[in-house]
Amino acid sequence: MTVSYSLEVANARFAGFSRLLFRWKGSIYRLLYKELLVFCSVYLFFSLFYFLLTRRQQDLFERIALYCDQFTNTNYIPVLFVLFYVTLAFNRWWGQYTSFPLPDNLMMVVSGNVHGTDENGRLLRRTLMRYANLSSVLILRSISTRVHKRFPTLDHIVEAFMTLEELKKFESLHSDFNKYWMPLTWFSNLASRAREEGRVRDDVALRLLMDQELNNYRAKCSLLFHYDWISIPLVYTQVVTIAVYSFFGFCVIGRQFLNPEKGYKDHRLDLYVPVFTLLQFFFYTGWLKVGELIINPFGEDDDDFETNQLIDRNFQVSMLAVDDMYQNLAPMVKDKHWMQRHFSIPYTLSTAAESLKPAFKGSTYDM
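Residues numbered from 1 in each chain as written. Predicted model: local features only at pLDDT ≥ 70, side-chain atom pairs only at ≥ 80, totals over all residues. Heavy atoms only, no water.

In the nomenclature of an unreviewed UniProt entry, the protein is known as Bestrophin homolog of Neolamprologus brichardi. Per its UniProt entry, the protein bears the Sequence similarities (unreviewed entry) comment "Belongs to the anion channel-forming bestrophin (TC 1.A.46) family. Calcium-sensitive chloride channel subfamily." As stated in UniProt under Function (unreviewed entry), the record for the protein gives "Forms chloride channels." (UniProt positions renumbered as here; feature names shortened; annotations may be inferred.)

Q: What am I meant to see in the packing of aromatic side chains here?
A: Two aromatic rings are characterised by how far apart their centres lie and by the angle between their planes. Following the criterion strictly, the structure yields 30 aromatic pairs and no others. Arranged with centres 6.3 Å apart and planes meeting at 45 degrees, the rings of phenylalanine 81 and phenylalanine 84 form a pair that is tilted. Here phenylalanine 84 and phenylalanine 81 lie together in helix α3 (residues 81-98), a separation of three residues that amounts to about one turn. Here the aromatic rings of tyrosine 180 and phenylalanine 225 are separated by 5.8 Å at their centres, their planes lie at 35 degrees, and the arrangement is tilted. Taken together, the residues tyrosine 180 in the loop between α8 (164-172) and α9 (182-196) and phenylalanine 225 in helix α10 (residues 203-229) connect sequence positions 45 residues apart. (Phe/Tyr/Trp six-rings, centres within 6.5 Å; stacked < 30°, edge-to-face > 60°. Helix = DSSP H or I, 4+ residues; strand = E, 2+ residues; numbered from the N terminus.)

Q: When you look at the pattern of salt bridges in this model, what are you seeing that I'm missing?
A: Side-chain pairing between opposite charges can occur once the charged atoms of the two side chains come close. This model, assessed by the stated rule, comprises 16 salt bridges. The partner of arginine 30 in a salt bridge is aspartate 302, and the shortest N-O contact between them spans 3.0 Å. Taken together, the residues span a long stretch of sequence, with arginine 30 in helix α1 (residues 28-52) and aspartate 302 in the loop between α12 (275-294) and α13 (307-324) at a distance of 272 residues. Arginine 30 gets classed as partly exposed once you look at its relative accessible area, which sits at 36%. Via salt bridges that share partners, Glu35, Lys289 and Glu292 belong to a single interconnected network. (Salt bridge = Lys/Arg side-chain N within 4 Å of Asp/Glu carboxyl O. Buried < 20%, exposed > 50% of the residue type's maximum accessible area, 1.4 Å probe, protein only.)

Q: Looking at this model, I keep getting lost on the layout of surface pockets. Mind explaining?
A: To find leftover empty space, a probe the size of one water molecule is rolled over the atoms. Of the volumes computed, that of the largest pocket is approximately 1,400 Å³. Lining of the largest pocket is provided by 36 residues; of these, Val3, Tyr5, Gly26, Leu293 and Asp303 occupy positions nearest its centre. Where the lining of the largest pocket is concerned, the elements lending two or more residues are α1, α3 and α12. Looking at which element gives the most residues to the lining of the largest pocket, the answer is α12, with five residues. (1 Å grid on protein atoms, 1.4 Å probe; cavity = no way out; pocket = protein on both sides within 12 Å on 5 of 7 lines; lining within 4 Å. Points joined across faces, edges and corners; volume = space filled by probe spheres on them.)

Q: Please clarify how the UniProt feature "transmembrane region" (unreviewed entry) in the protein should be interpreted in this entry.
A: Taken from the UniProt record, the annotation "transmembrane region" (unreviewed entry) applies to residues 31-53, 74-94, 235-257 and 269-287. Here residues 31-53 runs as 96% helix and 0% strand, with 36 Å between its end C-alpha atoms. Span residues 235-257 is 87% helix and 0% strand, its end C-alpha atoms 35 Å apart.

Q: Just to check I follow, could you spell out unusual backbone geometry for this structure?
A: Most peptide bonds take the trans form, and the phi angle of most residues other than glycine is negative. The phi dihedral of glutamine 327 is positive, around 55 degrees, even though this residue is not glycine. Along the chain, glutamine 327 falls in the segment after α13. Take glutamine 327: its relative accessible area is 51%, and that puts it in the exposed class.

Q: What is the right way to look at the nonpolar core in this model?
A: General note: in soluble globular proteins, nonpolar side chains tend to be found buried as a group. Ranked by size, the top nonpolar core spans 78 residues in total, and within it Leu140 and Ile157 carry the most contacts. For this core, the leading source of residues is helix α5 (residues 119-143), giving eleven residues. What isoleucine 157 contacts, discounting residues up to four positions off in sequence, is Leu134, Val137, Leu138, Arg141, Phe151 and Met162. (Core = buried A, V, L, I, M, F, W, Y, C linked by side-chain atoms within 4.5 Å. Contact = heavy atoms within 4.5 Å.)

Q: Teacher, can you tell me more about the side chain of aspartate 302 here?
A: Overall, the relative accessible area of 18% leaves aspartate 302 in the buried class. Side-chain polar atoms of aspartate 302 contact the backbone nitrogen of glycine 26, separated by 3.0 Å. At a separation of 3.0 Å, a polar atom in the side chain of aspartate 302 contacts the side chain of arginine 30. (Polar contact = N/O pair within 3.5 Å; in protein donor to acceptor, adjacent residues only side chain to side chain.)

Q: Which parts of the structure should I look at to understand the packing of helix α2 (residues 55-70) against helix α11 (residues 234-254)?
A: To describe two helices that pack against each other, one gives the angle between their axes and the distance between the axes. In contact at an axis separation of 8 Å, α2 and α11 are set at 145 degrees when each is read in the N-to-C sense. The two elements α2 and α11 meet at a crossing, and its hand is left-handed. Mapping the contact onto sequence places Phe61, Ile64, Ala65, Cys68 and Asp69 in α2 and Phe250, Ile253 and Gly254 in α11. For the contact of α2 with α11, the per-class residue count stands at six nonpolar, one polar and one charged. (Axes fitted to C-alpha atoms, helices over the stretch in contact; angles between N-to-C directions. Left-handed = near helix turned anticlockwise from the far one by under 90°. Nonpolar A, V, L, I, M, F, W, Y, C, P; charged D, E, K, R; others polar.)

Q: Where do I start with the environment of leucine 208 in this structure?
A: Tracing the backbone shows leucine 208 in helix α10. Spatially, the C-alpha atom of leucine 208 lies 9.5 Å from that of leucine 106, the residues being 102 residues apart in sequence. For leucine 208, the contacting residues outside a window of four places in its chain are Val109, Asn113 and Glu213.

Q: Quick question: what am I supposed to make of α10 here?
A: Residues lying three or four places apart along an α-helix face the same way, a consequence of the helix completing one turn every 3.6 residues. A rise of 1.5 Å per residue sets the reference length of α10, with its 27 residues, at 39 Å; its end C-alpha atoms lie 37 Å apart and thus fit the reference within 8%. Asparagine 215 marks the point of greatest bend in α10, at about 30 degrees. Among the residues of α10, those classed as buried are Ala205, Leu206, Leu209, Met210, Glu213, Leu214, Tyr217, Cys221, Ser222 and Leu224. Tucked inside the fold, the buried residues of α10 contact α3, α4 (104-113), α5 and α9. Two or three places before valine 204, at the start of α10, stands the capping residue aspartate 202, its side-chain oxygen 3.2 Å from that residue's backbone nitrogen. (Expected span 1.5 Å × (residues − 1). Bend = angle between axes of the 7 residues up to and from the residue.)

Q: What am I meant to see in α8 here?
A: Turning to α8, its buried residues are Glu166, Leu167 and Phe170. Angular distribution of buried residues about the axis of α8 spans 100 degrees; they occupy a single face of the element. In this structure, α8 carries Leu164, Lys168 and Ser172 as exposed residues pointing more than 90 degrees from its buried face. Contacts from the buried residues of α8 go to α5, α7 (154-158) and α9. (Arc of directions from axis to C-beta.)

Quick look at the structure:
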């Protein structure tokens, strides 16, 4: 489930973000703790192993540790490259979010331009929106593990969206590719029939329905499919992963605290716990895990998209818009300020101070 904390950061205040550091669900701690435990365990193993060695063996271990320590400098291993990777992954994540097919614009156009108060008119509007929702379910079932678990077969989709006759037509059309676009083709054919029957009253309305809203909806479904098909190049992901893991592979030995009596540079004090190395691990590996989390938001992680909930919402509101709300209007009456030339909207006591602020008219208005 998506973790929302918008209310907690609605106002900037002292240590505002600090309150979020104690959350577990959706946190970096939950995402990273297994890797951190493995790193600490391996580091502790080599620390204990060092003290169990003979003096001659310790000298050899120390030379290896000093050699490895040279490569824990970010000039040798470009571990900061992970920042660019996370930026790329975030842009991809945002693109997928904005490409999610929402039926709101389409259902408004259907409700306002597909007419008929009889049963056939109602059936027409509901069928059009059912086809639109069916198309989005088919594409989400192809890319989202949550949706695929909910609708593992077409028979499960029949229980919610399709008729048996539609299923037969869907399966009878042979194609080597994903057929998520078929219900939208049914939509366009049905809209053309509605124009012929006069339920869509002019070509302008039909063009608004087809050229703009339906095509925009179809384009978003197609874009989601291509986001799933074309990933960030594998070599990019491999290079970043190898850079981070090899860096901390050298740190496991190179950042060991050696005998301070031998006077090695930067080893004059034994802190036992490598605080700054652990912080580096937390930051760099944390960034890598963030990239892993957001590269595909259609899984089942804490912060992945709530695809099943969106399907429920889209289907419900689209049916309400084209059925229950079709021509279901309150009577027109004169508004509360009909007789007033100058009026103001009332404020509550907690917001009354805002009414005293002058209206903004431009930065150079009082110049």
